[in-house]
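One-letter residues, chain by chain:
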Amino acid sequence: MLQHTDEIARLIQSHEEGFALPRGFYTSAEIYDRDIETYWNRSWLWVGHVSQIPEPGDYFLFDYGPESIIVVRDRDGEVRAHLNVCRHRGSRVCVEPEGNARLFVCPYHAWTFELSGKLRSGRAMGKDFDPGQYGLFPAHVIVFQGLILVCTADTPPPIQDGLRKLAPLCEPFGLENLKIAHKQVYPVPANWKLALENYLECYHCAPSHQEYAKSHTLKAPQDMEKLVEPLQRRSEGIGLPTVTLDQTGPNAPDLAADVYYRRYPLYEGYQTGSRDGTPLAPLLGSLSGFDGGATDVQLGPLNNFLIYSDHAVGYRFVPRGLQETDIEVLWLVRADAEEPKDYSTPDLTWLWHVTSLDDERIIRHNQEGVNSYHFRPGPLADMEWGINGFYETYLKMIRV
Amino acid sequence: MLQHTDEIARLIQSHEEGFALPRGFYTSAEIYDRDIETYWNRSWLWVGHVSQIPEPGDYFLFDYGPESIIVVRDRDGEVRAHLNVCRHRGSRVCVEPEGNARLFVCPYHAWTFELSGKLRSGRAMGKDFDPGQYGLFPAHVIVFQGLILVCTADTPPPIQDGLRKLAPLCEPFGLENLKIAHKQVYPVPANWKLALENYLECYHCAPSHQEYAKSHTLKAPQDMEKLVEPLQRRSEGIGLPTVTLDQTGPNAPDLAADVYYRRYPLYEGYQTGSRDGTPLAPLLGSLSGFDGGATDVQLGPLNNFLIYSDHAVGYRFVPRGLQETDIEVLWLVRADAEEPKDYSTPDLTWLWHVTSLDDERIIRHNQEGVNSYHFRPGPLADMEWGINGFYETYLKMIRV
Amino acid sequence: MLQHTDEIARLIQSHEEGFALPRGFYTSAEIYDRDIETYWNRSWLWVGHVSQIPEPGDYFLFDYGPESIIVVRDRDGEVRAHLNVCRHRGSRVCVEPEGNARLFVCPYHAWTFELSGKLRSGRAMGKDFDPGQYGLFPAHVIVFQGLILVCTADTPPPIQDGLRKLAPLCEPFGLENLKIAHKQVYPVPANWKLALENYLECYHCAPSHQEYAKSHTLKAPQDMEKLVEPLQRRSEGIGLPTVTLDQTGPNAPDLAADVYYRRYPLYEGYQTGSRDGTPLAPLLGSLSGFDGGATDVQLGPLNNFLIYSDHAVGYRFVPRGLQETDIEVLWLVRADAEEPKDYSTPDLTWLWHVTSLDDERIIRHNQEGVNSYHFRPGPLADMEWGINGFYETYLKMIRV
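The rules we used
- Within every chain, residues take consecutive numbers counted from 1 along the sequence as written.
- Each chain gets a letter, beginning with A, and each ligand a number, beginning with 1, in the order they are written.
- A pLDDT threshold of at least 70 governs which residues receive local features in this predicted model, and a stricter bar of 80 or more applies before side-chain atom pairs are shown or counted, although totals over entire chains, interfaces and linings include all residues.
- To obtain the side-chain values, all non-hydrogen atoms of the structure were used and water was disregarded.
- Only protein chains enter the accessibility calculation, which uses a 1.4 Å probe; a residue whose area is less than 20% of its type maximum is buried, one above 50% is exposed, and one in between is partly exposed.
- Counting from the N terminus, the helices are DSSP H or I runs at least four residues long and the strands are E runs at least two residues long.
- Between N or O atoms, a polar contact is any pair within 3.5 Å; within protein, one atom must be a potential hydrogen donor and the other a potential acceptor, and residues adjacent in sequence are included only when both atoms are from side chains.
- Copies overlap after least-squares fitting; the atoms used are the C-alpha atoms of residues with pLDDT of at least 70 in both.
- Note on contacts: a residue pair qualifies if any of its non-hydrogen atoms lie within 4.5 Å across the two residues.
- In this description, buried area is defined as the sum, over both parts, of the accessible area (probe of 1.4 Å) that is lost when the two are combined.
- Put simply, a salt bridge is a Lys or Arg side-chain nitrogen that is within 4 Å of an Asp or Glu carboxyl oxygen.
- We call Asp, Glu, Lys and Arg charged. Ala, Val, Leu, Ile, Met, Phe, Trp, Tyr, Cys and Pro are nonpolar, and the rest, Gly among them, are polar.
- As a rule, the C-alpha atoms of each element are fitted with a line to give its axis, helices using only the stretch in contact, and angles between N-to-C directions run from 0 to 180 degrees.
- If an angle is under 35 degrees, it is roughly parallel; if it is over 145, roughly antiparallel; if it lies from 65 to 115, roughly perpendicular; otherwise it is oblique.
- Less than a right angle of anticlockwise turn of the near helix away from the far helix marks a crossing as left-handed, whereas a clockwise turn marks it as right-handed.
- UniProt positions are given in the numbering used here, feature names are shortened, and annotations may be inferred rather than shown by experiment.
- Note: two strands are recorded as paired if DSSP finds a minimum of 2 bridges between them.

K.L.:
Help me understand helix α5 (residues 192–200) of chain B, please; the structure alone is not making it clear to me.
P.N.:
Since the α-helix packs 3.6 residues into each turn, any two residues three or four apart lie on the same face. All names here are of chain B. Counted residue by residue, α5 has nine buried out of nine residues, so it is predominantly covered. Within α5, burial applies to W192, K193, L194, A195, L196, E197, N198, Y199 and L200. At the N-terminal boundary of α5, the capping side chain belongs to N191, with an oxygen 3.0 Å from the backbone nitrogen of K193.

K.L.:
Which parts of the structure should I look at to understand the relation of the copies chain C and chain B?
P.N.:
Applying a rotation about an axis and a shift along it to one chain copy brings it onto the other copy. Laying chain C over chain B is done by rotating through 120° and shifting 0.1 Å along the axis; what remains is an RMSD of 0.0 Å. The two molecules are tied by a three-fold rotation axis, judged by turn and shift.

K.L.:
Before we go on, may I ask you to explain the environment of A124(C) in this structure?
P.N.:
Its place among the elements puts A124(C) in the loop between β8 (119–121) and β9 (138–144). A sequence separation of 13 residues divides A124(C) from W111(C), and the C-alpha atoms of the two residues are 9.9 Å apart. Look past the residues within four positions of A124(C) in its chain and what remains in contact with it is Y203(B) and A381(B).

K.L.:
I'm lost on the interface of chain C and chain B in this one. Help?
P.N.:
A common way to state how big an interface is: give the accessible area lost once the parts meet. Each partner contributes to the interface: chain C provides 30 residues, whereas chain B provides 34 residues. Summing both partners gives a buried area of about 2600 Å² for chain C against chain B, and 56% of it is carried by carbon and sulfur. On the chain C side of the contact with chain B, R89(C), Y108(C) and R123(C) bury the most area, a combined 28% of that side's loss. Taken together, the links from chain C to chain B amount to four salt bridges. Among the ionic pairs, R89(C) bridges to E201(B), the shortest N-O distance being 2.9 Å. Across the contact surface, chain C and chain B share 16 residue pairs in polar contact (both at pLDDT 80 or more). With three residues, helix α3 (residues 29–39) of chain C is the single largest residue contributor to the side of chain C that touches chain B. Of the residues that constitute the side of chain C that touches chain B, the class distribution is 14 nonpolar, nine polar and seven charged.

K.L.:
Is there a simple way to think about the packing of helix α5 (residues 192–200) of chain C against helix α9 (residues 345–370) of chain C in this case?
P.N.:
The geometry of a pair of packed helices is captured by two quantities: the angle between their axes and the separation between those axes. Residue and element names in this part refer to chain C. Contact pair α5 / α9: the axes reach a minimum separation of 10 Å and the direction vectors enclose 125°. In terms of orientation, α5 and α9 fall into the oblique class. Of the two elements, α5 crosses α9, and the hand of that crossing is right-handed. For the pair α5 and α9, the contacting residues are L194, A195 and N198 in the first and D359, I362, I363, N366 and Q367 in the second.

K.L.:
Looking at this structure, how should I read the UniProt feature "domain: Rieske" (unreviewed entry) in chain A?
P.N.:
Under the UniProt annotation, the feature "domain: Rieske" (unreviewed entry) is placed at residues 44–150 of chain A. Regarding residues 44–150 of chain A, the helix share stands at 0% and the strand share at 44%, and the terminal C-alpha atoms are separated by 5 Å.

K.L.:
Would you mind going over the interface of chain A and chain C with me for this structure?
P.N.:
Facing 30 residues of chain A, the contacting portion of chain C comprises 34 residues. Carbon and sulfur atoms make up 56% of the area that chain A and chain C hide from each other, which totals about 2600 Å². By the criterion of area lost to chain C, the three top residues of chain A are R89(A), Y108(A) and R123(A), representing 27% of everything that side buries. Taken together, the connections running from chain A to chain C amount to four salt bridges. Close ionic contact of R89(A) with E197(C) constitutes a salt bridge, the shortest N to O distance being 3.6 Å. Viewed at the interface, chain C and chain A are joined by 17 residue pairs in polar contact (both at pLDDT 80 or more). With three residues, the single largest contributor to the side of chain A that touches chain C is helix α3 (residues 29–39) of chain A. Looking at the side of chain A that touches chain C residue by residue, the classes come out as 14 nonpolar, nine polar and seven charged.

K.L.:
What should I look at first to understand the pairing of strand β17 (residues 324–334) of chain B in this one?
P.N.:
The two faces of the sheet receive side chains in turn, since in a regular strand these alternate between them. Residues and elements named next belong to chain B. Within β17, nine of the 11 residues are buried, leaving the element largely enclosed by the surrounding structure. Both strand β11 (residues 178–188) and β17 contribute to a ladder of 10 bridges, which runs antiparallel. Following the sheet pairing, L178 is matched in β17 by R334. Relative to β17, strand β16 (residues 312–321) runs antiparallel, the two sharing nine bridges. The residue bridging V313 from the neighbouring strand is W331, located in β17. Hairpin connection, β16 to β17: the antiparallel pair is bridged by two residues.

K.L.:
Could you clarify how one ought to interpret the sheet that holds strand β15 (residues 304–307) of chain A in this entry?
P.N.:
Working definition: the strands of a sheet are paired by backbone hydrogen bonds and lie parallel or antiparallel to each other. All names here are of chain A. Strand order in this open sheet of seven strands is β11-β17-β16-β15-β14-β13-β12, and the pairing throughout is antiparallel. The outermost strands of the open sheet, each flanked by one partner alone, are β11 (178–188) and β12 (245–247). Taking the axes of each pair of neighbouring strands and ignoring which way they run, one obtains an average angle of 20° across the sheet. Relative to strand β14 (residues 293–299), strand β13 (residues 259–265) runs antiparallel, the two being bridged by seven bridges. By the bridge assignment, Y260 is partnered in β14 with Q298. Against the sheet, helix α5 (residues 192–200) engages β14, β15, β16 (312–321) and β17 (324–334), with an angle of about 160° to β16. The sheet contacts of helix α9 (residues 345–370) involve β11, β15, β16 and β17, and relative to β11 the element is tilted by about 25°.

See the structure below:
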């Protein structure tokens, strides 16, 4: 754990509720290290979908900051996660980003680990050596309807209760039967928190996202209000629950155990997040039609999804350095959808591609301004409530 | 304000008067941050010339370190400067380096500022929100004979008195009627102080600047001495005062309120800073001829000018990082001079282009050597008196 | 000397004997600075061979971290070393990596130093200036059988006694009569200690170095054992001593005064470190034939050599930044060997080229894994005894 906590304590104290975070949160190397160690390494992270590793031995790596996690389907068909750090002298055990393995053999001294993480043998380590003490460190795993969540902490945030409540709401989308149609990375020279905050509020949507703002009412609460009731009738018609589940920020049962579900209306004429409003892919799960809505889902503060009737989009804001972040966007469609018959990748990805390009630009300019010694955090708008919730959890977790 | 002042205090104490600064001043990230916060952000900075923004709404940005300033001519024709940092969540408000604007609309959430910096509206901020509290932070502005100086401190160095004394001396050059003929940037991997120190002494001119040393007597005090009196007679003849004004370092009335004026002789045969000594552009201001001299002018420690009879050259050493500095050189000629009739850019810029290339090289090697743990500051030569003056002011300002 | 020693002390304390070093030793900028200041700047460094500077005035630079050393043969034919830092304002005095000089003239202000380091003149420094006080700082020099060792500390590690013992063992190789046939640099994004540790153990040789492992028994103690006695008979036959000299780690007479000599067997059929086992170059020194052995030599912990019967290879792991290291490999053959008649560079360098490419890869993956906050140092194998010895010295030296 980091020792120099004076600066951290001073920074935390300098934050005024209802206002943006002060400069140091986005410019201090010490804060960045602490973010990884106390926030990211103790949060649930959405790393991928079960469809990426259908067979025993299938694996992929998920990297963030200085960390690397092996996500693997073991011999028994269970999804497991291990820290990708050899227990001998620390080498990465697995260096290919994905593949199929029978064993993980460290490329340095050939320590050999089973898919379960167990150390099979420590070559030439002498007779006093107990391999049982040197298995790969495990990470916790939850598979929520096909979405794989991982947490490297000893005691992860107790999100299970929230997920149980979320389960029937998401059920109709058949998330476990999706596949990743496309993944794109938008690197932005900014701290990861600015990228996440950008996602957590739609106050910027009207001025910044011309295309999104045409179809999504989230950008205008007054517009949305009138369209909610008609949407609810339509949602019921296609088999979707109409309740909102908000266990985020102050409503969360525990630190970083946030879950969120809300379906909100698109503007008239839009069946999904497409350029002209027409469908992009086959209907998800058990849905019987298009209701002209979109669902915001959050599984822990770091993992966000937007689910239309015919596809889902997942968003991650992965730290690579103090002011280096990868905005990762993943588009998911039904597993049995085939391109080009059932969908077209350029059409499917159009909206969130142009929107993410916008976001990269505005997040970058945000960081540039925040770097100024003259920056003073201003008041958050009502529409930025999601940021307040994030700050509350975040500040508690890094305080330790 | 920075908190970890132990290292700063120790460093300041380790400096011995009459000697170069110790290693840490050029290698410590903490010192660099402090330099920006306590020295640059409290000094007058020469950002440009009024000819760059003739019309209301015309603006340009001046960036240094992590800072960005909007310099704009407002509706009333006044030159103003604002911190380029939105008062909401800190985005850069203005992202184009220059242009003409009616309003500054923040690209993130569309907070809209008038040219005066006043916040016109904070969209959807609720009724308790007082836009009057959230205008852009202003920077102080002085326009000295067309040269725009800006300072972001609450209380800038009191330079006005010095400028009043300087005014009649500069008057004949007609500085307000110049235009920027050319600007060139020479990035050097060195701390900004090494770049500035290099400009502040001509002890290095003889060995390092073959071309400059051929024409400028500043490199050889013994040569200059003999030529001063004849120059003074010639200066009087063309309408130039012959006094020297030295309010720098210990002679400055206040911290960083330095001003300086001295005309010194070129070698025989040189009318201006050209390759062969012949004129480069139409005579400046009210001058009636060439006196074979050049004037060193300083407006605060950071802003240096060399004024020949037919053109002026401005120098800035803009910090971009701990060991990244842009040497910015700007060549100015009469506003009514036309190329190619009245001047040729390659000829005009020849001397200070080759000289700046030399400087980039020697400053780079200086930084490389100073990075050594074995570096011990040596004694300054008499010809390096300007560096002593800079140190005195600098050390007081960062001490805070 | 660095002041913030709390982190250093805490890190040193966190190391458990017999285990790898903790994360901070490879990730902390403070440790890196300390490594240079207290370890590298107080260790003997192998900088080159006398054949590089045969004539008076011949010189080359040796750079590491922020340091630069001039190694020069003076007017009297002595090899000398000077810190490449001007005693005035710290510029590098010498900027060409090698050449012949009569004097070293600082490129900044022309302070002029003799080959002995003496300041000849401080131009225009006034009459109170004593040039005798401002010669280049000297570095200590030892020439051991043509290999030039340099140390920048006031009091270098007392290695002379060890070298005296080593001298008769190395004598038959005629090291003073070698020349550098080839030098290659393999940059690796890792801390220098990981690169050195990699060299100090052959536990990784079997899994990581297919080519090396085919010919060198060092990778398998049980194989080596059986071949030692036959080798000793052959070594005696060609005129080589068969003793082992191990004054490293706990056996060293003083801190960083380590020396090491051991000849070990190649596998049958290998006369030298070549692809097919056949000779690569003329026999070294006074050797009368090939004994099928190779000698590990260490001159201080940082300087490693592998001497075959017909060529020698030198290895250095030069820090360039916290996680930037140059693996430098130099191949040496008899001075009178001529290419292509007597040797072929591609053949000569084949083994250690492919082996160094392997090393670059595994050291890189080691650093990636060690960067994880989840890395916990594991136990060292018996075959990693050399690392234990290095740690012991290293931890004492940085403790200061």
